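Chain by chain, the residues:
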Amino acid sequence: MATESKLHVKKIGKATLLFKSPARITLMIAGLFFILALVESLTGATDISSPGTSGATLRFAIPLLMAGLGGLWAERAGVINIGLEGMMIVGTWTAAWFGYLHGPLMGFVAAAIFGLASGFFHAILTVKIGIDQAVSGLAINLIAAGGARYLSGVFFPPVGGDRTVSPPVDSFPTFTIPVIAPILESIDAQNIFFISNLAGILHGLTKEVSLVTIALLLLVPLTSWILWRSKFGLRMRFSGENPMAAESLGINVYRIRYIAISVSGMLASLGGAYLALVASSVYREGQTAGRGFIGLATVIFGNWKPGGVFAGSILFGFTDALRVRQSESVMSLIMVAGIVALVLSIFYSINRRWKPGLISGALALLAWWIHQRVDVIPQEFVTVFPNFATLIVLTFLAQRLTPPAMAGMPYRRGSE
Amino acid sequence: MKKVRIFWGTVAPLAAVVSSLLLVSVILILRGANPIDIFQVMISYGFDPRNLVSELNQTVSYYLAGVAAAIGFKMLLFNIGIDGQYRMGAFFGAVVGAAVSLPPVLHVLLIVITAMLAGGLWAAIAGYLKVRRGVSEVISNIMLNFIAAAIIAFLLGEDLLGILPEGSQNVQTKPIPLSGQMPTFKMFNGEIYSFIFVAIFVGIAYWIMLNKTVFGFNLRATGLSFRAARSSGVNAPGMIFITTVLSGAIAGLVGLGTLLSDTHSYSMAFPSGFAFTGLSLALLGRNHPVGIFFAAFLWSFLERAAPVLEYEGVPPEIVIVMQGTIVLSIVIAYEVVARINLGQQQRAVGKANVELVKESK
Amino acid sequence: MGNILEVAGVEKKYPGVVANRDVSLLVREGSIHAIIGENGAGKSTLMKTLYGLIRPDAGSIKVFGNEVSLKSPQDAIALGIGMVHQHFKLADNATVLENVILGGEPSRFGFVIKYDEARKKLLEIAETYHLDIDPDESVANLGVGERQRVEIAKVLFRGAKILILDEPTAVLVPQEVTELFANLRDLVDKGLTVLFISHKLDEVLSIADDITIMRQGTTVATKKPADTNKKELAELMVGGELPKPIAGVLKISEKSILSIKDASYSRFDGREILHHLNLDLHGGEILGLAGVEGNGQSELIELIMGLLPATSGSVEVLGLDASTTPTKDIRNAGVAYIPQDRQRDGLLMSAPLWENRILGHQFATPMAKGMWVNKGAAAEDSKRVVEEFDVRTPGVNVLASALSGGNQQKFIVGRELSGDPKLIVAAQPTRGVDVGAQAIIWDHLMKARSAGAGVLLVSADLEELFSLSDRIAVIYGGSIVSILNPLKTTPEDLGLAMTGAKSA
């Protein structure tokens, strides 16, 4: 529930200057890899850039990405979708069941359809009946969780599952990209500084890939395209920024929100389907484990842009993947982060921006201290890193983020 | 007027429960079960004294979660952070309780105060972010819930604050000595947590605070109209922060019934889901202490009676569906009822007079 | 060139009030036609009618000689009528181009926006009409004058031939006003027609080709600037005779109730709303504050109530520094506040009347006893207020939202005037109130004055101002431009002061 007015002065947020152009972004990523390669050769912990890690990262990232895109679609249209977790559960269940019955492809189709329906339901509650968005989301989470448990008890036991696990589903065929993958593999094996690290990562992304992964990844540029190139996208953005303005120009904001929220449900649901069909091959109770909420976090982290959501889900997927990796990798990562902080600190100081310079300097020192004193990062902290990162972003960068101006605020047609 | 309000006040929750029962009946019929039989079985099982006892004990926690949520709702705050706040309260209450030795009443008091402080401080983070940075308390609380669980899980690691007793699979905090325990009392052939009296006291205090004190007035006013409250002299942003902390402090008490009278230590086995439950109960009980109590009892009853459904061939999870649909119907019902109520009042006012109005615009 | 717009006999009534009555207007094609009038004259209603937001009860509208019936803004747009609102409808987090084309996007397959084509069209429009805008600039970075240009571009993009501008200079600084007027001249040179509403006589005389004056819901006269002067216009705007004060002269006490010295206030975005304002109020007098809405009255009131801090200068209320003292302390010192927006600032709409009686008085007796709310006293006193101020309600347990606007107002006034306040800040105290109750309220205000209280009366109702005030301060552009003696003021004096003319 949102209070009526802003309680503080919010300067018009400008997305961090760092991310101005594609050229800059590429340069920064290259720099990051350079530092990574450096650290790996110094510490001998080569796990970070191994194909296993990048493959796992992708697998962990996709569900987060879908939840994030789901959150993005809804929020861009002005609605904060708290029910993403429930819609994801809908996806896991329907994908597993229909996948069991008719094969994994039908599983995805079913998840999409039911996800769309759950989104539509949320839309009716919030747009038509005018219920508070958070309450509606809450109700949907409850019903979805309960419904999934109930239906599991009804359908699964007779066919070889039990009330918490579905019968196993055939998985999607995967393939390894011909020509390129083997080349990458051999480059990786040669251990050339920087090139091999890069090759290792890319190798992980090119072997045993499933078409579904690629299809879902394509949704990122597709969303971008829709938002900034299509008529619908423009109107949707305005529904979230200034619905009164849109309405005054003859746009049916209600209809747009219906569509956007339905799509939001569908996307979250597809994320769940991925969890059940690709990341594993069963439905398991509690499978979503709060990913729907992390999806909301990636939206914030990504400053409400599809590219940002993608970056956020990769980052969070990466930390998720790290959990099952060697602990030295985590340490190396801290070192990388520390070096990045150091570079930033120098950069800021040169530009006389003392406050960010000081803060990043302090972070670099913190990373150094952790590296020296701590042996192992506790598992729990690694798991909760996405949440923590989001909180930090919210605390320190809230002024610079650019959320859709009216997201979360109730809107009634005809209000001024 | 007052009679009318009470009437409408109870119609909505009743309508919600009834419509949920209807929906479930339909589902049962589709499975070939007889709804009447099923409900009878549930009721007789649920009201069996042995089960009543555990239901009442469960009601203690649910009730406190509901009151915590209600405090938030009065300020239009959606305190989904109850999960994290409850854990912080229970955990630190357990740790501090086990670390000291004080005369009995003081010892318990210390635990209670620690729990409230822990929950309140944890909630203050979200409150600060909301008031100072305009961050939605929903998002920050969701993040804080996960972080709280992680911190506690970490602290429970065997070398730190956790111990692994003989024959147990669960790591837990050191047990609280006798002086820090609360007795149970016999009723219905079972043991009921005496913390239930604290819970009832909290409910009464909540109602008195809200309706009889200036502070409560200011709280409700800020929730009803931020601008009007501000114009009347209320420090509105301050109210929002204090309310968040207060809600968190109450949430910190949620786990104490179990902690003080039953387990005497905190472990990862402590249940979750209190945020959703608390919010649902506050909605169902219309933020009224008596309403929340009945709602809390209803919830405990449903959950306790669920397993018996298995013997009748019905998956017990149908109870969760019931809970979900109750929440949904409640919210829809309120919208409808609120509009009808307002319409009625306006008509009453219109009937009472005919007026000539000169408006200058 | 004929008349592009002919309005005849338009009427619009709302329950209890006639907003437009026998309105007639002839607008020549290719002219800048100004419509002036004070608050409540009916200008907004007329504009909304022309834009299709309101349907008139009677009368006819002809565009290009053809009678039309406008049912919605879409109809108006289709006919070439475009409205530039006073409160801009722009999304900050989007570019100029996106804001302009929304709802009228050129597209391929009805789906893909042809941005290049749109950009080209916008640049053409900008070029033709000398509008300095950059299609790809983010609106967030634009100043007020630039945003207004975007709004103008918006209507031009949709092929508007007639532009209606609602108080366009209200938010502009002088530099921006000059730019705007140059733009309007360009538009008109290219054959478009501009209709604009204003209350600033200097500006209107300098830019308009025709001026129509509205007063009390009807069009009073149409003049050409060359044939008239400020005095005449001011008199037409305000009407003939001004009412005389009804209370006798009282001895004003020495006690300073309100002392504002050189106070300025800047909003968070840098805009200075109040400039070096000076105002004094003593016990035993009613100080009226006249001025067209939007000249800083609201901010001044909030400064006095301690809701906003002055950025410089001092605001002293009953000896307290209003910029640092919390509002509740100011209230407890004996300040009553009748807010302008009764529903948003004065009432808890979904609470019963007796709780609303407590609002604003919850920090002291009798409504509160220490930390406890005194429901009994609140209910009792609510009943008294209802009696004394003739509030039509079946009881004090009724929700505030169920009462009509006028009755809500009466209740608020009754509440605020109880307890012998020393300073009464009353903004539009009798707006929406029937004649009988208005008399009751005036009576109470005057009684308070006799008892030694100071009253700051902010009102758009000239009758009210002149009947009650001992002195009338006129606020314009964030400063007090003159202090008038109601016994000796002519309508021209008042009109001139309110519209910013320094001298006749």
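Residues numbered from 1 in each chain as written. Chains lettered and ligands numbered in written order. Predicted model: local features only at pLDDT ≥ 70, side-chain atom pairs only at ≥ 80, totals over all residues.

### What to know about the overall build of chain C
The line we're drawing: Only runs of H or I of at least four residues qualify as helices and only runs of E of at least two qualify as strands under DSSP, and these elements are numbered from the N terminus. C-alpha atoms define the radius of gyration in this analysis, and the globule rule sets the expected value at 2.2 Å times the number of residues to the power 0.38. Here the C-beta atoms are placed from the backbone, and a residue counts as buried if at least 20 other C-beta atoms lie within 10 Å of its own, exposed if 12 or fewer do, and partly exposed otherwise.
For chain C, the count of helices and strands is 17 helices and 24 strands. Taken against the 2.2 N^0.38 rule, which gives 23 Å for 504 residues, the C-alpha radius of gyration of chain C at 25 Å falls within 12% of a compact globule. Going through the 504 residues of chain C one by one, you find that 50% of them count as buried.

### Concerning the domain arrangement of chain A
Put simply, the rule is: Domain limits in this description derive from either an automatic procedure or a database domain assignment.
Each domain of chain A was delimited in the assignment, giving domain 1 (45-301) and domain 2 (326-399). Domain 1 of chain A and domain 2 of chain A are separated by 29 Å when their C-alpha centres are compared.

### Quick notes on the interface of chain C and chain A
Note the cut-off: Two residues form a contact once the distance between their C-beta atoms, set from the backbone, is within 7 Å. Here the nonpolar group is Ala, Val, Leu, Ile, Met, Phe, Trp, Tyr, Cys and Pro; Asp, Glu, Lys and Arg are the charged ones; every other residue, Gly included, is treated as polar.
Contacts between chain C and chain A engage 18 residues on the former and 21 residues on the latter. For the side of chain C that touches chain A, the class distribution of residues is 10 nonpolar, four polar and four charged.

### A few points about the sheet that holds strand β22 (residues 454-458) of chain C
Residues and elements named next belong to chain C. The condition is simple: Following DSSP output, two strands are said to pair if at least two bridges run between them. A fitted line through C-alpha atoms serves as each axis, taken over the contacting stretch for helices, and the angle formed by two N-to-C directions is quoted from 0 to 180°.
Taken in spatial order, the six strands line up as β18-β21-β22-β15-β23-β24 in an open sheet, and their pairing is mixed. This sheet does not close on itself; its edge strands, each paired only once, are β18 (335-338) and β24 (479-484). Strand after strand, the sheet turns through a mean of 20° between neighbouring axes, direction not considered. In this structure, strand β21 (residues 423-427) lies alongside β22, joined through five bridges in parallel fashion.

### Side note on the sheet that holds strand β10 (residues 193-198) of chain C
All names here are of chain C. If you trace the six strands from one edge of the open sheet to the other, you get β6-β9-β10-β3-β11-β12, paired in mixed fashion. Lying at the two open borders of the sheet, with one neighbouring strand each, are β6 (81-84) and β12 (218-223). Averaged over all adjacent pairs, the angle separating strand axes in this sheet is 20°, with direction ignored. The strands touched by helix α1 (residues 43-50) are β3 (32-36), β6, β9 (162-166), β10 and β11 (210-215); relative to β9, the strand with the most contacts, the crossing angle is about 150°. Where helix α8 (residues 230-238) meets the sheet, its contacts fall on β3, β11 and β12, and the angle it forms with β11 comes to roughly 30°.

### A closer look at the pairing of β12 of chain C
Residue and element names in this part refer to chain C. One ladder, built from five bridges, connects β11 with β12; its direction is antiparallel. Across the sheet, isoleucine 211 pairs through a bridge with lysine 223, a residue of β12. With antiparallel pairing between neighbouring strands as the criterion, β11 and β12 make up a hairpin whose turn holds two residues, including glutamine 216 at a positive phi of roughly 50°.

### Description of the nonpolar core
As a rule of thumb, soluble globular proteins bury nonpolar side chains together. Counted only if it meets this: Take the buried Ala, Val, Leu, Ile, Met, Phe, Trp, Tyr and Cys residues, join any whose C-beta atoms are within 7 Å, and the set you get is a nonpolar core.
Formed by 376 residues in total, the largest nonpolar core has its most connected members in Leu163, Ile164 and Val425 of chain C. Counting residues per element, this core draws most heavily on helix α11 (residues 253-279) of chain A, which supplies 16 residues. Once you skip the residues sitting within four places of it in the chain, isoleucine 164 of chain C turns out to touch Met47, Leu50, Tyr51, Ile81, Met83, Val84 and Leu195 of chain C. Counting 10 residues, the second largest nonpolar core, distinct from the first, contains Ala37, Leu333, Val336 and Ala341 of chain A.

### Points about the interface of chain A and chain B
Opposite the 45 residues of chain A that make contact, chain B presents 38 residues. Of all the elements in the fold, those that place two or more residues in the side of chain A that touches chain B are α5 (133-155), α12 (291-301), α16 (379-383) and α17 (385-397) of chain A. In terms of residue class, the side of chain A that touches chain B is made up of 25 nonpolar, 14 polar and six charged.

### Re the environment of leucine 121 of chain B
Along the polypeptide, leucine 121 of chain B turns up in helix α5 (residues 104-133). Leucine 121 of chain B sits in the partly exposed class, given 18 other C-beta atoms within 10 Å.

### As for the environment of alanine 94 of chain C
Looking at where alanine 94 of chain C falls in the secondary structure, it is placed in the loop between β6 and α3 (96-101). Separated by 313 residues in sequence, alanine 94 of chain C and asparagine 407 of chain C have C-alpha atoms that sit 44 Å apart. Contacts of alanine 94 of chain C, omitting those with residues within four sequence positions, involve Arg237 and Glu241 of chain A together with Asn99 and Val139 of chain C.

### Structural notes on helix α6 (residues 174-189) of chain C
All names here are of chain C. Which entries qualify depends on this criterion: What a helix is expected to span follows from its residue count: subtract one and scale by 1.5 Å. Here the arc refers to the set of directions running from the helix axis out to each C-beta atom.
Here α6 spans 23 Å end to end across 16 residues, near enough to the 22 Å set by a 1.5 Å rise per residue. Taken residue by residue, α6 has Leu180, Leu184 and Leu187 as its buried positions. One side of α6 holds all its buried residues, which, seen down the axis, span an arc of 60°. What points out from α6, more than 90 degrees from its buried face, is the exposed set Pro174, Gln175, Ala182 and Asp189. Buried residues along α6 sit in contact with β3, α5 (144-157), β9, β10 and α7 (201-207).

### Some words on helix α11 (residues 256-263) of chain B
All names here are of chain B. Of all the eight residues making up α11, six are buried; the element is thus mostly covered by neighbouring parts of the structure. If you check which residues of α11 are buried, you get Leu256, Gly257, Thr258, Leu259, Leu260 and Ser261. Taken together, the buried residues of α11 touch α3 (49-74), α4 (82-99), α5, β3 (184-187), β4 (190-193) and α7 (195-212). Two residues or fewer after α11 comes histidine 264, characterised by a positive phi angle close to 60°.

### So, the packing of α8 of chain C against helix α17 (residues 491-498) of chain C
Residues and elements named next belong to chain C. Going by this rule: Roughly parallel refers to an angle under 35 degrees, roughly antiparallel to one over 145, roughly perpendicular to one between 65 and 115, and oblique to any angle outside these ranges.
Put simply, α8 and α17 touch, their axes get as near as 8 Å, and they point 100° apart. In this view, α8 runs roughly perpendicular relative to α17, as classed from their interaxial angle. Contacts from Lys230, Lys231, Ala234, Glu235, Met237 and Val238 of α8 reach α17 at Pro491, Glu492, Leu494, Gly495 and Leu496. Partitioning the contact of α8 with α17 into residue classes produces six nonpolar, one polar and four charged.

### Thoughts on the packing of α4 of chain B against α5 of chain B
All names here are of chain B. Threshold: Left-handed is the label given to a crossing in which the near helix is rotated counterclockwise from the far helix by less than a right angle, and right-handed is the label when the rotation is clockwise.
At a closest axis distance of 7 Å, the pairing of α4 and α5 adopts a crossing angle of 145°. Crossing of α4 over α5 shows right-handed handedness. Each of Gly84, Gln85, Tyr86, Met88, Gly89, Ala90, Phe92, Gly93, Val96 and Gly97 in α4 lies in contact with α5, whose residues at this interface are His107, Leu110, Ile111, Thr114, Ala115, Met116, Ala118, Gly119, Trp122 and Ala123. Residues belonging to the contact of α4 with α5 are distributed by class as follows: 12 nonpolar, eight polar and no charged.

### A few points about the pairing of strand β1 (residues 3-14) of chain C
Residues and elements named next belong to chain C. Two elements, β1 and strand β2 (residues 17-28), share eight bridges in a ladder whose sense is antiparallel. The partner of glutamate 6 across the bridge, within β2, is leucine 26. Bridging between β1 and strand β4 (residues 58-63) involves five bridges; their strand directions are antiparallel. If you follow leucine 5 over to β4, its bridge partner there is valine 63.

### A few points about unusual backbone geometry
Backbone geometry at alanine 289 of chain A places phi at a positive 45°, although glycine is not the residue there. Summarising the element assignment, alanine 289 of chain A is placed in the loop between α11 and α12. When the 16 C-beta atoms within 10 Å are taken as the criterion, alanine 289 of chain A is described as partly exposed. Phi at histidine 264 of chain B is positive, roughly 60°, even though this residue is not glycine. Mapped onto the elements, histidine 264 of chain B comes out in the loop between α11 and α12 (274-284). Judged by local crowding, histidine 264 of chain B falls into the buried class, with 21 C-beta atoms found within 10 Å.

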